Amino acid sequence: MRGSKPNEHGTGATDRSSIEPETQVVVSEGTGKTANNAGATSKEVHNAELFAALQESRIKPWSKESRTIYLAIFTAFLCACANGYDSSLLTGIVAMQQFQDVFHSGKTGPTVSLLFSLYTVGSIVGAPFAAVLSDKLGRRKAMFIGCFIIIIGTAIIASSSTIPQFVVGRFVLGVAIAIVTVSAPAYAMEISPPHWRGRATGFYNCGWFGGSIPAAAIVFGTEYIPSNWAWRIPLLLQAFASLIVMLTVWFIPESPRFLMANGKTDAALEFLVKYHGNGDPNSRLVRLEIEEWRENIRIDGIDKTPWDYRPFFLTHNGRWRFAQVIMISVFGQFSGNGLGYFNATIFENIGAKTVSQQLGYNLLNSFLSAVGAITGTLLTDKMHRRPVLIYGTFACAVSLALNAGLSSALDSQGDNIQGSYAKGALASYFLFNIVFSFSYTPLQGVIPTEALETTMRAKGLAASAVFVNLVGFINQFAGPIALQNIGYKYIFVFVGWDVIETAAWYILGVESQGRTLEELEWVYNQPSPVKASKNVVKVVVQADGKVTEKVVEDGGLA
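Described below are features of the structure shown in this document.

Okay, the packing of aromatic side chains next. Counted under the stated rule, the structure contains 23 aromatic pairs. Between Phe 74 and Phe 77, the aromatic rings sit 5.8 Å apart at their centres with planes inclined by 20 degrees, giving stacked as the arrangement. A residue pair is termed a helical-turn pair when its members lie 3 or 4 positions apart in one helix, as Phe 74 and Phe 77 do in helix 2 (residues 64-94) at three residues. Overall, Phe 74 belongs to the partly exposed group, its relative accessible area being 34%. Look at Phe 77 and you get buried, because its relative accessible area is 12%.

Okay, here's the thing in structure tokens:
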């Protein structure tokens, strides 16, 4: 319960600012008598103080300040677009005859694995340095540097005519993507008001589709160009989103949590008043955030020691936080979605034999997945995270089992494929991608950034990037070989693994929805963070929307 948390940071906590209001923001405890007032209602919430602050502090959605926040979130979104663009890019390009005439890589096998996986290797190598850049220079400058390196990688890869130059370009792109995917989600989370953070960070991660859909469409269109420009044009356009980021990043504010963690308290609190408080320093939401930031954001945190990752392993709090990061990082890449890198092969296995058909289905799959992801994002701040991941992962296992079963039937039919089986296999594969995108795409950005406190956020996201890319490497290197050797049977691996993931989310998943990032410090300090995260309190809300009391019974919370 808020108000009883000890300040574990001692003198390392951020000092008070001269503009900080002193008004108390704790909701008074009572027995529920005010519920008898006309129009009063009772409601169960995770955080009474946050709920009360949001009831009384309405941010104007279309003010100049809110539009600036939208631009900031859009800038982070574009960083994810640069990453998502690659997911559909190489899948389509490798299927082009124009590309094969130059590189002779084949569509599956070790050479294709090399083309895909060097991007991942670059991301693994770049991730630790990405954390250093983000913590030392700030989130905005890190995004700028990452996008600049993307442009360099694009120039190398688009001008290549040999496998060695191509894979060097892929490695450089991977390093750059590591930098932007560490700094951008941290930035989107840290600038957002508490009740926007799920949608803001979920929208950031939807940038994957903001890149993958245009890439699929561009590749589908340029496939008809009878020259090497059929594959060079899509490669060149990979730099487009980065060019926009390099421009817009100078028109948006720095992360206030980064400012506060680096001793720039007044600048951080001025941000809160301007962007979270409609210019009112006495806004209840601003007062709450100031109080919590002062207690929990350290100016001597682990962000000041670039290579020190020990707090993730040596403390109960750190281990539980890191467990959430590892689960979403690994499960978000190895639930069957990694098959998407090889959609052309999968579509061929279920009857789509021409390149045009395969590219068309690839585009349709990206569009349907985006619908699922956007729907999930819009609901992120309303839905509890834990049930979405538990039930969503199990639904992924069911849809993949349907696809694998129908693919088995198609395999036994040989060349005499029955259309109904092919359509069923295709529909179940599309269903899997919709369910996965709804459940995981928004939360792949939300879960790690919520689980990590400010001074460990960049390092934790860098570690997440390493796990993501290690699993991605397995997907990209082993996937083509597995599909070549055992075909559809490879899908059964993910069916069984998704069942294991479902159990892991049920046992270890910590609920973070409805709490401030700082209050999660209390949750992770409890003996059982999973149990603590599900705790709720009852509050009384009057007809005018104000919260009058937090109901307690027999000396404890109801």
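Between the first and last C-alpha of helix 14 (residues 316-331) there are 22 Å, a value that for 16 residues agrees with the 22 Å anticipated at 1.5 Å per step. Extensive coverage of helix 14 is indicated by the burial of 12 of its 16 residues. Where helix 14 is concerned, the buried positions are Asn 317, Gly 318, Trp 320, Arg 321, Phe 322, Gln 324, Val 325, Met 327, Ile 328, Ser 329, Val 330 and Phe 331.

Here helix 21 (residues 490-508) is 19 residues long and its end C-alpha atoms lie 27 Å apart, about the 27 Å a rise of 1.5 Å per residue gives. When helix 21 is considered as a whole, its buried residues turn out to be Tyr 490, Ile 491, Phe 494, Val 495, Asp 498, Glu 501, Thr 502, Ala 504 and Trp 505.

A few words on the pattern of salt bridges. Pairing is possible between side chains of opposite charge, provided their charged atoms come close. This structure, assessed with the given rule, holds 13 salt bridges. One salt bridge connects Glu 190 with Arg 139, and the closest N-O pair in it is separated by 2.8 Å. Of this pair, Glu 190 sits in helix 6 (residues 163-191) while Arg 139 sits in helix 5 (residues 139-158); the two residues are 51 residues apart in sequence, bridging distant segments of the chain. On the accessibility criterion, Glu 190 (0% relative accessible area) is buried. On the basis of relative accessible area, Arg 139 is assigned to the buried category, the value being 1%. Where Glu 190 meets Arg 457, a salt bridge forms, and the shortest distance between an N and an O atom there is 2.8 Å. Separated by 267 residues along the polypeptide, Glu 190 in helix 6 and Arg 457 in helix 20 (residues 454-486) bring together distant segments of the chain.

Moving on, we get to the layout of surface pockets. The space that makes up the largest pocket amounts to roughly 720 Å³. In this structure, the largest pocket is lined by 26 residues; those nearest its centre are Phe 51, Leu 54, His 195, Asp 381 and Gln 513. Secondary structure elements with two or more residues in the lining of the largest pocket: strand 2 (41-45), helix 1 (48-56) and helix 7 (197-222). For the lining of the largest pocket, the element with the most residues is helix 1, which contributes four residues. Of the residues contributing to the lining of the largest pocket, the split by class is nine nonpolar, eight polar and nine charged.

A surface patch of nonpolar side chains, amounting to about 350 Å² of accessible area, comprises Phe 394, Val 398, Leu 402 and Val 499. With three residues, helix 17 (residues 385-412) is the single largest residue contributor to the nonpolar patch. Structurally, Leu 402 is set in helix 17.

Turning our eyes to something else, we now look at the packing of helix 11 (residues 265-276) against helix 12 (residues 284-296). At a minimum axis distance of 10 Å, the contact between helix 11 and helix 12 shows a crossing angle of 155 degrees. Classed by the angle they form, the pair helix 11 and helix 12 counts as roughly antiparallel. Classified by chirality, the crossing of helix 12 by helix 11 is right-handed. Counting all contacts with helix 11, which are made through Ala 268, Leu 269, Leu 272, Val 273 and His 276, the residues of helix 12 involved are Leu 285, Val 286, Glu 289, Ile 290 and Trp 293. Here the contact of helix 11 with helix 12 is composed, by residue class, of eight nonpolar, one polar and one charged.

This part covers the environment of His 195. With respect to the helices, strands and loops of the structure, His 195 is situated in the loop between helix 6 and helix 7. Other than its neighbours up to four places away in sequence, His 195 contacts Leu 54, Ile 59, Leu 285 and Asp 381.

Grouped together as the largest cluster of nonpolar side chains are 74 residues, with contacts concentrated most on Phe 99, Phe 166 and Leu 235. Here this core gets 15 residues from one element, more than from any other, and that element is helix 2. Excluding residues within four positions of it along the chain, Phe 166 makes contact with Leu 90, Phe 99, Phe 103, Leu 115, Ile 157, Ser 160 and Leu 235.

Our next topic: the side chain of Asn 403. Structurally, the position occupied by Asn 403 is in helix 17. Using a relative accessible area of 1% as the deciding quantity, one classes Asn 403 as buried.

Even without being a glycine, His 104 presents a positive backbone phi close to 50 degrees. You can see His 104 is positioned in the loop between helix 3 (97-103) and helix 4 (110-137). The exposed category is assigned to His 104, whose relative accessible area is 61%. One non-glycine residue, Asn 278, lies in positive phi territory at about 55 degrees. Within the element layout of this structure, Asn 278 appears in the loop between helix 11 and helix 12. The exposure class assigned to Asn 278 is partly exposed, which follows from its relative accessible area of 37%.

What counts, and where the lines are drawn
Residues numbered from 1 in each chain as written. Predicted model: local features only at pLDDT ≥ 70, side-chain atom pairs only at ≥ 80, totals over all residues. Heavy atoms only, no water. Phe/Tyr/Trp six-rings, centres within 6.5 Å; stacked < 30°, edge-to-face > 60°. Helix = DSSP H or I, 4+ residues; strand = E, 2+ residues; numbered from the N terminus. Buried < 20%, exposed > 50% of the residue type's maximum accessible area, 1.4 Å probe, protein only. Expected span 1.5 Å × (residues − 1). Salt bridge = Lys/Arg side-chain N within 4 Å of Asp/Glu carboxyl O. 1 Å grid on protein atoms, 1.4 Å probe; cavity = no way out; pocket = protein on both sides within 12 Å on 5 of 7 lines; lining within 4 Å. Points joined across faces, edges and corners; volume = space filled by probe spheres on them. Nonpolar A, V, L, I, M, F, W, Y, C, P; charged D, E, K, R; others polar. Patch = residues over 30% accessible without salt bridge, like charges linked within 9 Å, V, L, I, M, F, W, Y side chains within 5 Å. Areas by Shrake-Rupley, 256 points an atom, 1.4 Å probe, with all protein chains shown as cover. Axes fitted to C-alpha atoms, helices over the stretch in contact; angles between N-to-C directions. Parallel < 35°, antiparallel > 145°, perpendicular 65-115°, else oblique. Left-handed = near helix turned anticlockwise from the far one by under 90°. Contact = heavy atoms within 4.5 Å. Core = buried A, V, L, I, M, F, W, Y, C linked by side-chain atoms within 4.5 Å.

Interpretation in functional terms is not warranted from these geometric data alone.
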